[in-house]
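Observations on the three-dimensional arrangement
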Amino acid sequence: MPQHHDESQLQSQTDTTAADDISTEVYKSDLPGFLGTIDTAISRIESVLLAAGVLLLAANTIANVVGRFVFQQSIFFSEELNRILIILITFAGISYAARHGRHIRMSAIYDALPSTLRKPLMIIIALITAVFMLGLAWYSTQYILTLAGRGRVLPSLQIPVWIIYLWAPIGFFMTGLQYILTAIKNMLEKDIYLSTNVLEGYDDEEIEI
């Protein structure tokens, strides 16, 4: 019986520690001044969009399945809503992946260079990627303007089609800002950063995988 009490107490302490870890996982940029404010704001926007998108996608899918098999009636707008949420998650996710240095990198040549050359190369890579992301944000905005001019609407929800693609330029724009901040971070710090909060290299978990 005492052993069971000790195990329960240990589990309670573990759960409390885990909850504390989650509660303290609030991103706060260490970039100076206004740059840090922008970085933190982008992080919060990413978190809200991704969390809301994933939760709504799961809730909508589950509700549609329950409606279909329990009440023999599907939610008529479920497919269109899921399409909107998938677009949201995808384009909010590219900014999130950039923040955490998770985008695929072809780094064979980069890894072979000494650190004195890797740092300026990382700055150049970040700036070039930022230019491409901001360019894609501009082109996607032009595409949305074209769609808006055609006046098309979704069959079920009856909302303009162009609205569901708004997340594309927003996601590209936030990703472009993220890479600009990464370049600035590397200019300010002596270490090499893959993103504003991820140092160059692989952690033990990634090596084990």
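As the structure is a computational prediction, the values presented were derived from the model and not from experiment. (Residues numbered from 1 in each chain as written. Predicted model: local features only at pLDDT ≥ 70, side-chain atom pairs only at ≥ 80, totals over all residues. Heavy atoms only, no water.)

Some points on the nonpolar core
Buried together is how nonpolar side chains tend to be arranged in soluble globular proteins. The cut-off we apply is this: We define the nonpolar core as a collection of buried residues of types Ala, Val, Leu, Ile, Met, Phe, Trp, Tyr and Cys that are connected through side-chain atoms lying within 4.5 Å of one another. Per-residue accessibility, obtained with a 1.4 Å probe over protein chains only, is compared with the maximum for each type, and a residue is labelled buried under 20%, exposed over 50%, and partly exposed between these values. Numbering of helices and strands starts at the N terminus; helices are DSSP runs of H or I of at least 4 residues and strands are runs of E of at least 2. Here, residues are in contact when the closest pair of their heavy atoms is within 4.5 Å.
Grouped together as the largest cluster of nonpolar side chains are 10 residues: Ile-94, Ala-98, Ile-123, Ala-126, Ala-130, Met-133, Ala-137, Phe-172, Tyr-179 and Ala-183. The element best represented in this core is helix H5 (residues 115–150), accounting for 5 residues. Non-local contacts of Ile-94, meaning those with residues more than four positions away in its chain, are made with His-103, Gly-171, Phe-172 and Thr-175. Counting 9 residues, the second-largest nonpolar core is a separate cluster that includes Ile-42, Leu-85, Leu-88 and Ala-92.

A short note on the confidence of the model for the chain
Just so we agree on the cut-off: Confidence scores per residue from the predictor, reported as pLDDT, run from 0 to 100.
When pLDDT is averaged along the chain, the result is 80, and 82% of the positions lie at 70 or above. When mean pLDDT is taken per element in the chain, H5 scores highest with 92 and helix H8 (residues 204–208) scores lowest with 39. Low pLDDT, under 50, characterises residues 1–24; the stretch is placed with 0 contacts to residues that sit more than four places away or in other chains. Taken together, the stretch residues 202–209 has pLDDT below 50 and engages in 6 contacts with residues farther than four places along the chain or on a different chain.

Things to note about a nonpolar patch on the surface
In plain terms, the rule: Residues enter a patch when their relative accessible area is above 30% and they make no salt bridge; the linking distance is 9 Å between like charges and 5 Å between nonpolar side chains (Val, Leu, Ile, Met, Phe, Trp, Tyr). All accessibility values rest on the Shrake-Rupley procedure with a 1.4 Å probe; residue burial counts only the protein chains present in the view. Put simply, a salt bridge is a Lys or Arg side-chain nitrogen that is within 4 Å of an Asp or Glu carboxyl oxygen.
On the surface, Ile-62, Val-65, Val-66, Phe-69, Val-70 and Phe-71 cluster together into a nonpolar patch covering about 620 Å² of accessible area. In this structure, Ile-62 sits in helix H2 (residues 33–70). Given the relative accessible area of 55%, Ile-62 is considered exposed.

Brief notes about the packing of H5 against helix H7 (residues 167–188)
Spelled out, the test is: For helices, the fitted axis covers only the stretch in contact; all axes are lines through C-alpha atoms, and the angles between them, taken along N-to-C directions, range from 0 to 180 degrees. Each angle receives one of four descriptions, namely roughly parallel if under 35 degrees, roughly antiparallel if over 145, roughly perpendicular if within 65 to 115, and oblique otherwise. What makes a crossing left-handed is the near helix being turned counterclockwise from the far one by less than a right angle; a clockwise turn instead makes it right-handed. Any residue that is not Ala, Val, Leu, Ile, Met, Phe, Trp, Tyr, Cys, Pro, Asp, Glu, Lys or Arg is counted as polar, Gly included; the first ten are nonpolar and the last four charged.
Direction vectors running N to C along H5 and H7 enclose 165°, while the axes themselves pass 8 Å from each other. Judged by the angle between their axes, H5 and H7 are roughly antiparallel. Regarding H5 and H7, the two cross each other, and that crossing is left-handed. Across the contact of H5 with H7, the residue classes tally to 18 nonpolar, 7 polar and 1 charged.

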